[in-house]
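Next come the chains, spelled out residue by residue.
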Number of protein chains: 2
Amino acid sequence: MLIVKKFGGSSVADKERIFNVARRCIEDYKKGNDVVVVLSAMGKTTDHLIEMAADINPNASKREMDMLLATGEQTSVALMAMAMQSLDVPCVSLNAWQVAMHTSSKYGNARFKRIDSERIHNELDARKIVIVTGFQGINKYENITTLGRGGSDTTAVALAAALHADACEIYTDVEGVYTADPRIVPNAKKLKEITYDEMLELATLGAKVLHNRSVEMAKKYGVPLVVRSSLTDAEGTWVKEVVSMESMLVTGVALDKNAARIALIGLKNEPGIAFKIFALLAKKNINVDVILQSIGRDNTKDISFTVTRDDAKEAVEILKENQTALTADRIEMDDTVVKVSVVGAGMQTNAGVAAGMFEALYNANVNIRMIATSEIRVTVLINEADADRAMRAVHDHFLDN
Amino acid sequence: MLIVKKFGGSSVADKERIFNVARRCIEDYKKGNDVVVVLSAMGKTTDHLIEMAADINPNASKREMDMLLATGEQTSVALMAMAMQSLDVPCVSLNAWQVAMHTSSKYGNARFKRIDSERIHNELDARKIVIVTGFQGINKYENITTLGRGGSDTTAVALAAALHADACEIYTDVEGVYTADPRIVPNAKKLKEITYDEMLELATLGAKVLHNRSVEMAKKYGVPLVVRSSLTDAEGTWVKEVVSMESMLVTGVALDKNAARIALIGLKNEPGIAFKIFALLAKKNINVDVILQSIGRDNTKDISFTVTRDDAKEAVEILKENQTALTADRIEMDDTVVKVSVVGAGMQTNAGVAAGMFEALYNANVNIRMIATSEIRVTVLINEADADRAMRAVHDHFLDN
């Protein structure tokens, strides 16, 4: 078996944890497997580098930021190789250039384009554990790029795809993917398996276990993913194309706190107004989520939608600058809202999920402010104060059996 | 003009110093010059990385050490680029792979084999200041190497040679090369110029201004070197092939404290004994310097020689293990000795230098224990307690005019 194992920054934050990871990898290696390890920068290293840069130049070019940040993972992989060497296991550390991992040119948020597998295969053939820097790549200008948030997960999946790995194991500080956040819903259960599509909806909606780019790539190349704990030997959750027949109607309930609702009240009921609003926001790269249009009094209409809280202030500013052109009487913003979603591949053929969710929320006395659905998801916007109660009510309704 | 400027770790140890270096480089750039900057790792970074590695594995492979250490210079060059960007000057940082700087395979102590100049020329043509990592290279296996002690000086000279630079400026914390260490000899004078050969003797003998590998390379490729202060605008010292006619008979006086004397007493007066001694030491990679053989009593002989203090203990151990085979009555070691040398291209045609040195030392009541000479150097081994007095006496004799 060829196994790609990815460990995040907290799993390699100090000597003890580095050796813990080394031993886990060596266990698989000694069983005769080919082992490729992908590491993030140690602990708070990346934050520390960002601080150093900000002190020198808060507007440093992203090209130079990537040059700086890439040192973090290179430090991790070198130290991991030293740890494995001290345990008498042949190994080699490689950075993105040595692999080589080719990406698009966009610094700070690059995408993989092509991964050369020759060097890694050669090292594996020499029976070495191969330790690769996560999060980074090189572009066509032979400059270093980084992948942005969740980049090391993506590195692991991309390597697994390029190497035709038998499994890609993502190690985290939880034991797998749960039906809901156990801190909010105490009776949440760990899932044995989940489909790529379900995982994508959960990742996008704030489940935070896997970055959605890595899940998208795993789906595209059919990489069998498993989310496991770096601290225990528990089985973890498999993410794959099709899960077994007994899969539940609803797989999980997700909470996304990074939401704000913006409303434009009293717009003239003319064609093109909605287009203008969203064109203004698109120009500023602000993503709009759940959208609701309703008819107001006196032949006016109201348009409300959600954005992330990070974007809310800028969105309101740009809209207020254009308030007259948009014919809005008032522009309101509320950042005390959250999104609760139920996700499940099973609901594609079952219309009852939305109804069941609304019923559960009604019984829990939770007011629904907006609704959005996809084929395998129902999302409601509610007040933040109701979040935990809503999560438990919805989870109990679908998943407590 | 194309100028290569090299700054050591203390010159980029903090934000203020980074900006100081940035401004010096920009000054040259704004005069219309092409500027290439070579940087070491910041302050104590390399020491800190070595400590981290030693904590994980005191016997880590040199390949992985180089992978780790190379992050130090990469951090420096990225931060320097950010500093220059904040001063609105176009620039780019490059590591050894990006340049690319090809070296031999020997990790921890690699030698340059070939430097590609295309990337740097392209960046210079785009009117950017190019900031290059010192101390590191890549080998034919596409692994990262480091150059060992004084590596960043060598990087600067190698780049200057490859780019046919008009000058290679080495910035240090002194204003240039002095006729002696000013902390010991208060009336030491800064030299305006010095030949490569003189500088080589001084570097080898512990003047510590330039690493001798960099001087050797500068001599080989005729790179005009200048040693300058990173703190003042003083002129510095030029190192070149031929210096002006008025050059002095003696250029400088150097003190090397890293010396220990080992003596083997009462050896049988047989052929091959000396060979055995030095073969044993050579096998352990211990360099032997000044050698003296003298006839003892009863048809025995004594052999004494110097090694660096770092090697002294190991040298004595290996000799004691073989004491019987070497026929030595006693093996003695003295690490309270130092070497004082006078250096000057002028002495090639003047036999009086050695005599003048001995006279000066005699007048200062300094006992000479061993003597060695080259074409442009006279070295004496003396007791450490006499070092400062000897330095001043020799300096005054030749250079105080």
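Residues numbered from 1 in each chain as written. Chains lettered and ligands numbered in written order. Predicted model: local features only at pLDDT ≥ 70, side-chain atom pairs only at ≥ 80, totals over all residues. Heavy atoms only, no water.

Attention shifts here to the interface of chain A and chain B. At the junction of the two partners, chain A supplies 41 residues and chain B supplies 41 residues. Per-residue buried area on chain A facing chain B is highest for A:I56, A:M82 and A:W97; these three make up 22% of the total on that side. Across the contact surface, chain A and chain B share two salt bridges. In this structure, B:K15 engages A:D55 in a salt bridge whose closest nitrogen and oxygen atoms are separated by 3.4 Å. For the interface between chain A and chain B, the tally reads 19 residue pairs in polar contact (both at pLDDT 80 or more). Of all elements in the fold, only helix 1 (15–30), helix 2 (45–56), helix 3 (62–86), strand 3 (91–94) and helix 4 (96–99) of chain A reach the threshold of two or more residues within the side of chain A that touches chain B. Ranked by the residues each element gives to the side of chain A that touches chain B, the list is headed by helix 3 of chain A, at 17 residues. Of the residues contributing to the side of chain A that touches chain B, the split by class is 24 nonpolar, 11 polar and six charged. (Contact = heavy atoms within 4.5 Å. Buried area = accessible area lost by both parts, 1.4 Å probe. Salt bridge = Lys/Arg side-chain N within 4 Å of Asp/Glu carboxyl O. Polar contact = N/O pair within 3.5 Å; in protein donor to acceptor, adjacent residues only side chain to side chain. Helix = DSSP H or I, 4+ residues; strand = E, 2+ residues; numbered from the N terminus. Nonpolar A, V, L, I, M, F, W, Y, C, P; charged D, E, K, R; others polar.)

Our next topic: the relation of the copies chain A and chain B. Each copy superposes on the other: chain A lies on chain B with an RMSD of 0.2 Å after a rotation of 180° and an axial shift of 0.0 Å. On the angle and the small slide along the axis, the relation comes out as a two-fold axis. Within chain A, the C-alpha atom positioned nearest to the axis of rotation is that of A:T71, 2.5 Å from it. In this assembly the copies share their binding face: 100% of the residues contributing to the interface of chain A also contribute to that of chain B. (Least-squares fit on C-alpha atoms with pLDDT ≥ 70 in both.)

A few words on the side chain of B:Q136. Residues and elements named next belong to chain B. One can find Q136 in strand 7 (residues 136–138). With relative accessibility at 3%, the residue Q136 sits in the buried group. A polar atom in the side chain of Q136 sits 3.1 Å from the backbone oxygen of A70. Side chain to side chain, Q136 and E73 meet in a polar contact 2.8 Å long. (Buried < 20%, exposed > 50% of the residue type's maximum accessible area, 1.4 Å probe, protein only.)

It is worth spelling out the confidence of the model for chain A at this point. Of all residues in chain A, 97% have pLDDT values of 70 or greater, and the mean over the chain is 91. Model confidence for the complex: the whole-complex pTM is 0.82, and ipTM, which rates the interface, is 0.80. (pLDDT = per-residue confidence, 0-100.)

What follows deals with the environment of A:A78. Mapped onto the elements, A:A78 comes out in helix 3. Accessibility expressed as a relative area gives 0% for A:A78, which makes it buried. Here the alpha-carbon distance between A:A78 and A:V92, two residues 14 residues apart in the chain, equals 8.2 Å. Look past the residues within four positions of A:A78 in its chain and what remains in contact with it is A:S93, B:E64, B:M67 and B:L68.

Ranked by size, the top nonpolar core spans 80 residues in total, and within it A:M84, A:I129, A:I131, B:M84, B:I129 and B:I131 carry the most contacts. Dropping the residues within four chain positions of it, A:M84 is found in contact with A:A22, A:C25, A:I26, A:V37, A:V89, A:C91, A:I129 and A:I131. (Core = buried A, V, L, I, M, F, W, Y, C linked by side-chain atoms within 4.5 Å.)

Our focus in this paragraph is the sheet that holds strand 15 (residues 300–307) of chain B. All names here are of chain B. On the basis of which strands lie adjacent, the open sheet formed by six strands has the order 14-15-13-16-18-17 and antiparallel pairing. Edge positions in the sheet fall to strand 14 (291–295) and strand 17 (370–374), since each has one partner strand and no second. Between one strand axis and the next, the sheet turns by 25° as a mean value, whatever way the strands run. As paired elements, strand 13 (residues 252–268) and strand 15 share seven bridges and run antiparallel to each other. Residue K268 lies in a different strand from strand 15, and its bridge partner there is T300. In the packing of helix 13 (residues 387–399) onto the sheet, contacts are made with strand 13, strand 16 (330–343) and strand 18 (377–383), and the angle to strand 13 comes to roughly 120°. (Pairing = 2+ DSSP bridges. Axes fitted to C-alpha atoms, helices over the stretch in contact; angles between N-to-C directions.)

Among all residues save glycine, negative phi is the norm, and among peptide bonds the norm is trans. Here the amide bond leading from A:V99 into A:A100 is cis, since omega sits at -10°, within 30 degrees of zero. At B:N285, a position not held by glycine, the phi torsion is positive, near 60°. Examined against the element boundaries, B:N285 turns out to sit in the loop between helix 9 (273–283) and strand 14. Of note, B:T327 is a non-glycine position whose phi angle comes to about 65°, a positive value. Tracing the backbone shows B:T327 in the loop between helix 11 (323–326) and strand 16.

Turning our eyes to something else, we now look at the sheet that holds strand 11 (residues 225–229) of chain B. Residues and elements named next belong to chain B. Taken in spatial order, the eight strands make up an open sheet running 3-6-2-1-9-11-12-10, and their pairing is mixed. A strand with exactly one partner marks an edge of an open sheet, and here the two such strands are strand 3 (91–94) and strand 10 (193–195). The average undirected angle you get between the axes of adjacent strands in this sheet is 20°.

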